[in-house]
There are 2 protein chains.
Amino acid sequence: MERTMVDIERATTALKLLGDKTRLTIIGLLRGNECCVCEFVEILQMSQPAISQHLRKLRDAGLVQEERKGHWIFYKLNENSDIFPLVVSVLEHIPDQKEKLEALEKSGKRIKCD
Amino acid sequence: MERTMVDIERATTALKLLGDKTRLTIIGLLRGNECCVCEFVEILQMSQPAISQHLRKLRDAGLVQEERKGHWIFYKLNENSDIFPLVVSVLEHIPDQKEKLEALEKSGKRIKCD
DNA sequence: TGCAAATATAAGCATATACTTATATAGTGA
DNA sequence: TCACTATATAAGTATATGCTTATATTTGCA
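Summary of the structure given here. If you're wondering where the values come from, they're calculated on a predicted model, not measured in any experiment. (Residues numbered from 1 in each chain as written. Chains lettered and ligands numbered in written order. Predicted model: local features only at pLDDT ≥ 70, side-chain atom pairs only at ≥ 80, totals over all residues. Heavy atoms only, no water.)

1. What about the environment of Met 5 of chain A?
Item 1. As for its position among the elements, Met 5 of chain A is in the segment before helix 1 (8–18).
Item 2. Each C-alpha atom, one on Met 5 of chain A and one on Leu 86 of chain A, is 8.1 Å from the other, the two residues being 81 residues apart in sequence.
Item 3. Contact partners of Met 5 of chain A, with chain neighbours within four places excluded, come to Glu 92, His 93, Ile 94 and Pro 95 of chain B. (Helix = DSSP H or I, 4+ residues; strand = E, 2+ residues; numbered from the N terminus. Contact = heavy atoms within 4.5 Å.)

2. Thoughts on the sheet that holds strand 2 (residues 64–69) of chain A
Residue and element names in this part refer to chain A.
Item 1. With antiparallel pairing, three strands are arranged side by side in an open sheet as 1-3-2. The open sheet has two free edges, formed respectively by strand 1 (35–36) and strand 2, since each of these has just one partner strand.
Item 2. Direction of pairing for strand 1 relative to strand 3 (residues 72–77): antiparallel, over a ladder of two bridges. Bridging across to strand 3, Cys 35 finds its partner in Tyr 75. (Pairing = 2+ DSSP bridges.)

3. Focus: the protein's contact with DNA strand C
Item 1. The local shell around DNA strand C holds 27 residues, among which Cys 38, Gln 48, Ser 52 and Tyr 75 of chain A together with His 54 of chain B are the closest.
Item 2. Per the 4 Å cut-off to the protein, sugar and phosphate atoms form 60% of the nearby atoms of DNA strand C.
Item 3. Gln 53 of chain A is positioned such that a nitrogen or oxygen atom in its side chain is 3.0 Å from a base nitrogen of DNA strand C.
Item 4. The residue makeup of the surface near DNA strand C, split by class, is ten nonpolar, ten polar and seven charged. (Near = heavy atom within 4 Å. Polar contact = N/O pair within 3.5 Å; in protein donor to acceptor, adjacent residues only side chain to side chain. Nonpolar A, V, L, I, M, F, W, Y, C, P; charged D, E, K, R; others polar.)

4. Observations regarding the pattern of salt bridges
When the charged atoms of two side chains with opposite charge come close together, those side chains can pair.
All names here are of chain A.
Item 1. Under the defined criterion, the tally for this structure stands at 18 salt bridges over all chains.
Item 2. When the shortest N-O distance is used, the salt bridge between Arg 10 and Asp 82 registers 2.8 Å. On the criterion of sequence distance, the pair formed by Arg 10 in helix 1 and Asp 82 in the loop between strand 3 and helix 5 (84–91) is long-range, its members being 72 residues apart.
Item 3. A residue is classified by how much of its surface remains accessible, and Arg 10, at 23% relative accessible area, is partly exposed.
Item 4. Residue classification places Asp 82 among the partly exposed positions, given a relative accessible area of 36%.
Item 5. Salt bridges sharing common partners tie together Arg 56, Arg 59, Asp 60 and Glu 66. (Salt bridge = Lys/Arg side-chain N within 4 Å of Asp/Glu carboxyl O. Buried < 20%, exposed > 50% of the residue type's maximum accessible area, 1.4 Å probe, protein only.)

5. Here's the deal with the relation of the copies chain A and chain B
Item 1. Overlaying chain A on chain B yields an RMSD of 0.0 Å, the required transformation being a rotation through 180° with an accompanying axial translation of 0.0 Å. Within this description, the copies of the chain are treated as partners about a two-fold rotation axis.
Item 2. An overlap of 100% is found between the interface residues of chain A and their copies at the interface of chain B, pointing to a shared contact surface. (Least-squares fit on C-alpha atoms with pLDDT ≥ 70 in both.)

Printed below as a string of structure tokens:
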């Protein structure tokens, strides 16, 4: 249980980031998946700069990690973050977002890089 | 588990409210306690209108309930709210705030109305 | 080597947010 | 009924936030 506690300031940083529909959806999509920017753009129907700016905030706070693979930069949850347990707890209360990724896959727009 | 799920919009509403240090502390103080406005003012060292405005937002979203007892209006967590389970999950990751109430009690400023 | 795709960054702007101060309202007790 | 206490509300303001458009950077490939 120790490992899951953070101080109030750190918690508010995380919660403020999660308290935005776009970012919460992004984090939901990253639950068990890696995604690149253009996938978020497609799923969320938002401009690329808007998505990149959200991802930057998430990365600055340590919630996500990025990894370049060729043309694409893939994002994933940072499981080593002090606030990762808090993030997981929050995700347990919202609907799974994986259908959106499956829809992407069906439309042939999902990016695979392995 | 069904009972603890909310849609993304509702979750962001709750998380946005919790993503503020003052409000998260208020919610933390209300975990297992009832408090009146003047106690929050004392503990958080903020102006009464500022506290009242935060409480109004929390009440408007259904996170807390108010009950007048004589001079004072006591606030408590709304355990019937759809987002109560989410709130509880979040609180499990932050330090207990009850020492602050105990300190109030020691200084004779805790309000009891029973 | 040069171009196209994916992404990041910068600047500008409209709206949201969290205070402040001033004032209104409600309950209690003399 | 009046005055005091606790709280709410309103209006104003400074700062934060989330977009937009324009531009820079990085990589793979012809």
